[in-house]
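A closer look at the structure
Below are the chains, spelled out letter by letter.
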Amino acid sequence: MKLQTLLSYLHDFTAYVGENPTITSIEMDSREVKKGSLFVCIQGFTVDGHDFAKQAVDHGAVAVIAEKPLDLPVPVIQVKDSRRAMAVLADAFYGQPTHRLHLIGVTGTNGKTTTTHIIERIFRNAHKKTGLIGTINIKIGDETYDVKNTTPESLILQKTFKKMVDEQVDVAVMEVSSHALHMGRVHGCDFDVAVFTNLTQDHLDYHQTMDHYRWSKGLLFAQLGNRFNHERPKFAVLNEDDPASSEYKKSTAATIITYGIDQKSDIMAKNIQMTTSGTTFDLVTPIDTVRVRTKLIGKFSVYNILAAVAACLVSRIPLTTIVETIEQIEGVPGRFEVVDEGQNFTVIVDYAHTPDSLENVLKTIRQFAERRVFVVVGCGGDRDRTKRPLMGQIAAQYGDVPIFTSDNPRSEDPLAILKEMEAGVSGKNVLSIVDRKEAITYAIDHAQEGDVVLIAGKGHETYQIIGDQVLHFDDRLVAREAIRRRK
Ligand SMILES: CC(=O)N[C@H]1[C@@H](OP(=O)(O)OP(=O)(O)OC[C@H]2O[C@@H](n3ccc(=O)[nH]c3=O)[C@H](O)[C@@H]2O)O[C@H](CO)[C@@H](O)[C@@H]1O[C@H](C)C(=O)N[C@@H](C)C(=O)N[C@H](CCC(=O)O)C(=O)O
Ligand SMILES: Nc1ncnc2c1ncn2[C@@H]1O[C@H](COP(=O)(O)OP(=O)(O)OP(=O)(O)O)[C@@H](O)[C@H]1O
Ligand SMILES: N[C@H](CCC[C@H](N)C(=O)O)C(=O)O
Ligand SMILES: [Mg+2]
């Protein structure tokens, strides 16, 4: 694509007259630049991409997008916000792929991964080809690709959507993080359905206040489009039981569909019965009321199911297909995943890494635990510090044997993180074992018949980040080995 053609999609940049090279790729990392690339300089959180512009030109970049004047032998187009400009350019460069996909975005503090996976399963059962973008991976049909972010940068996103279009994907389901919304990573994405799960504390390192966090998530609903196209209607799926929904209702021009358990909603779950092997409830929808049985456990799982049901119903998937799928779903990797080696106590690996999710999971376990509950949990380094004492307190409140350990300490001192967790606990003894493998092994070695061991925080993750080292670590494998060794 010619540079001038690409720039015609951009609305706010310094007028530019001069060479009109052919752009063969757009890159934000100088190390990825090839002959013919357009290099976008991003002021990052660690380094400034403008410092790599010269290197990019040396590697073959034929034009540069920057936020300040740069003295380079190629055209430099100045913009106010290069990350946002990049999103618009990426969308244009890849042929506006989201216009050709049914795009569903899911935001909220907890439940995004689970809800997107349920939605994907329902569409697959309805014989649609699906694409999935989120924390665990990117998936196109049955092919999976590794990811660094829950919601990738716009360049990766748009390239992925283009691949989905090329591979005849019908529906793309993605997690939309508050970071992505705030940084404009999803500018240019033409969402058809936006889903809200819930809002509780997380990411205050980035957002500073809950108001800012709530507002950032709300951008997904505000950006759903402001025109009413009967060919392509837009829907906002909102959790009526979460107070933030009242604000999101006011910020969207889309048709609103609500779901809930406590408040009257369009889609509801009534007469919920929970056991250790699953949950049964009346699924109340405008079409019909059906008694549903799922293997997923806990009230929070019912919310995720309701959100998925609403998103699929507005996407015209038959209720029978939706119900059939819910009854089949086994669960999502690392979410309430049971590690069973035939031992006489229960071991659960779960991705709870926020105060609310930890409390929900522990409340659920409390409902069926016959004897003691062990909680092995840590908090990530270089992330929201204010959640540490809260998570410490919750683990101590609901657990009989709370064991604090390292999550991904990253650049922080692991012992200092443990101290911050301990600060939330009063009047109860907690054990702090800095080495995660030792902590898991301790819990498993001391568990007795009927006990439950919850290993929280890392779920599907297959690594542990200590300093700048990424070490192989999988809670499920470590637990499995410890159980086998005990026998
Ligand atoms: C805080 C944050 O969001 N950081 C993101 C950011 O990294 P950064 O700002 O540190 O980048 P940087 O290293 O300073 O580099 C700046 C620029 O210089 C360029 N560069 C750098 C070096 C070089 O030699 N040449 C060069 O051109 C880089 O390519 C980049 O364009 O840009 C990177 C590239 O897009 C992201 O991968 C990275 O996410 C990191 C991994 C991260 O942990 N982000 C978290 C906070 C996040 O976004 N999380 C949410 C999930 C939350 C949830 O699920 O609840 C997410 O969506 O993932
Ligand atoms: N609807 C929910 N409400 C509260 N907690 C939930 C809900 N769904 C899942 N959880 C808990 O949160 C954990 C993370 O779930 P999931 O991975 O689906 O969320 P997520 O929003 O994708 O998280 P992330 O922001 O890290 O990507 C689960 O392991 C479970 O403990
Ligand atoms: N998406 C979450 C993942 C946290 C997972 C936890 N294991 C950690 O490393 O803190 C975040 O970026 O905060
Ligand atoms: Mg996720």
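Residues numbered from 1 in each chain as written. Chains lettered and ligands numbered in written order. Predicted model: local features only at pLDDT ≥ 70, side-chain atom pairs only at ≥ 80, totals over all residues. Heavy atoms only, no water.

Partitioning the chain into structural domains gives domain 1 (3–93), domain 2 (97–328) and domain 3 (337–486). One C-alpha centre belongs to domain 2, the other to domain 3, and the line joining them spans 28 Å. Counting residues at the interface gives 15 residues for domain 2, matched by 18 residues for domain 3. For D202, the salt bridge goes to K387, with nearest N and O atoms at 2.7 Å. Looking at the side of domain 2 that touches domain 3, its residues break down into five nonpolar, eight polar and two charged. (Domains from an automatic or database assignment. Contact = heavy atoms within 4.5 Å. Salt bridge = Lys/Arg side-chain N within 4 Å of Asp/Glu carboxyl O. Nonpolar A, V, L, I, M, F, W, Y, C, P; charged D, E, K, R; others polar.)

Close to ligand 2 lie 21 residues; K112, T113, T114, R335 and D350 are nearest. Within the backbone of T109, a nitrogen or oxygen atom sits 3.1 Å from an oxygen atom of ligand 2. Here T114 contributes a side-chain N or O atom positioned 2.6 Å from an oxygen atom of ligand 2. When isolated, ligand 2 has an accessible area of 630 Å², and the protein chains bury 95% of it. (Near = heavy atom within 4 Å. Polar contact = N/O pair within 3.5 Å; in protein donor to acceptor, adjacent residues only side chain to side chain. Areas by Shrake-Rupley, 256 points an atom, 1.4 Å probe, with all protein chains shown as cover.)

Taken as a whole, this structure holds six aromatic pairs when the rule is applied. An angle of 55 degrees between the planes, with centres 6.0 Å apart, marks the rings of F45 and Y206 as tilted. Here Y206 lies in helix α7 (residues 204–207) and F45 lies in the loop between β2 (37–40) and α2 (53–58), a separation of 161 residues in the sequence. Look at F45 and you get exposed, because its relative accessible area is 66%. Lying over the aromatic face of Y463, K458 brings its terminal NZ or CZ to 5.1 Å of the ring centre. (Phe/Tyr/Trp six-rings, centres within 6.5 Å; stacked < 30°, edge-to-face > 60°. Helix = DSSP H or I, 4+ residues; strand = E, 2+ residues; numbered from the N terminus. Buried < 20%, exposed > 50% of the residue type's maximum accessible area, 1.4 Å probe, protein only. Lys NZ or Arg CZ within 6 Å of the ring centre and 35° of its normal.)

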